[in-house]
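Structural overview for review
Below are the chains, spelled out letter by letter.
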Amino acid sequence: MKKTYEKPEFSKRGLLSLITADAGSPIGPKVSDIRLKTDIETVGVAANGLPLYTFKYLGGDAVYRGVMAQDVLRIRPEAVSTMPNGYLAVHYDMLGMEMARIQ
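So, a few notes on the structure that sits alongside this text. (Residues numbered from 1 in each chain as written. Predicted model: local features only at pLDDT ≥ 70, side-chain atom pairs only at ≥ 80, totals over all residues. Heavy atoms only, no water.)

**Regarding the sheet that holds strand β5 (residues 80-82)**
The following threshold applies: Strand pairing is defined by DSSP finding a minimum of two bridges between the two strands. A run of H or I in DSSP becomes a helix once it reaches four residues, and a run of E becomes a strand once it reaches two; helices and strands are each numbered from the N terminus.
The sheet built from three strands is open, its strands ordered β1-β6-β5 with antiparallel pairing. In this open sheet, the two edge strands, each paired with only one partner strand, are β1 (30-31) and β5. Where β5 meets strand β6 (residues 88-90), three bridges bridge the pair, whose relative direction is antiparallel. Bridging across to β6, Ser-81 finds its partner in Ala-89.

Pasting the structure below:
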């Protein structure tokens, strides 16, 4: 009897590595799911009308400024994709903006 393949989930450390590597890249979607963020503060509104936030990723110390995928889904669903692990990512290029590390 063959055993069914079960895809492993990311560990927090593995997920953090994926996020921080992704955050520095100017190309491609950025992991932006609210479920992966902490210390979230609203800091304004982008030119495209989306709320802007500062936040940290779970387990990380760096502070970023960007959007939440859940907000983007309501306004520009085509700019959001679901990663294989089920978390949401934002295509910032489709929004005419960038996510930035600020600390």
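**Digging into the pattern of salt bridges**
Quick note on the threshold: Here, a salt bridge means any side-chain nitrogen of Lys or Arg that lies within 4 Å of a carboxyl oxygen of Asp or Glu. Only protein chains enter the accessibility calculation, which uses a 1.4 Å probe. A residue is then buried if its area is under 20% of the maximum for its type, exposed if over 50%, and partly exposed in between.
Counted according to the given criterion, the structure contains four salt bridges. Two residues, Asp-39 and Lys-56, come together in a salt bridge whose shortest N-O distance is 3.7 Å. Pair noted here: Asp-39 is in strand β2 (residues 37-45) and Lys-56 is in strand β3 (residues 51-57), with a separation of 17 residues, a long-range link. The partly exposed category is assigned to Asp-39, whose relative accessible area is 43%. Of the charged contacts, one joins Arg-76 and Glu-78 as a salt bridge, the two residues approaching to 2.5 Å between their closest N and O atoms. We classify Arg-76 as partly exposed; its relative accessible area is 28%. Judged by its relative accessible area of 44%, Glu-78 is partly exposed.

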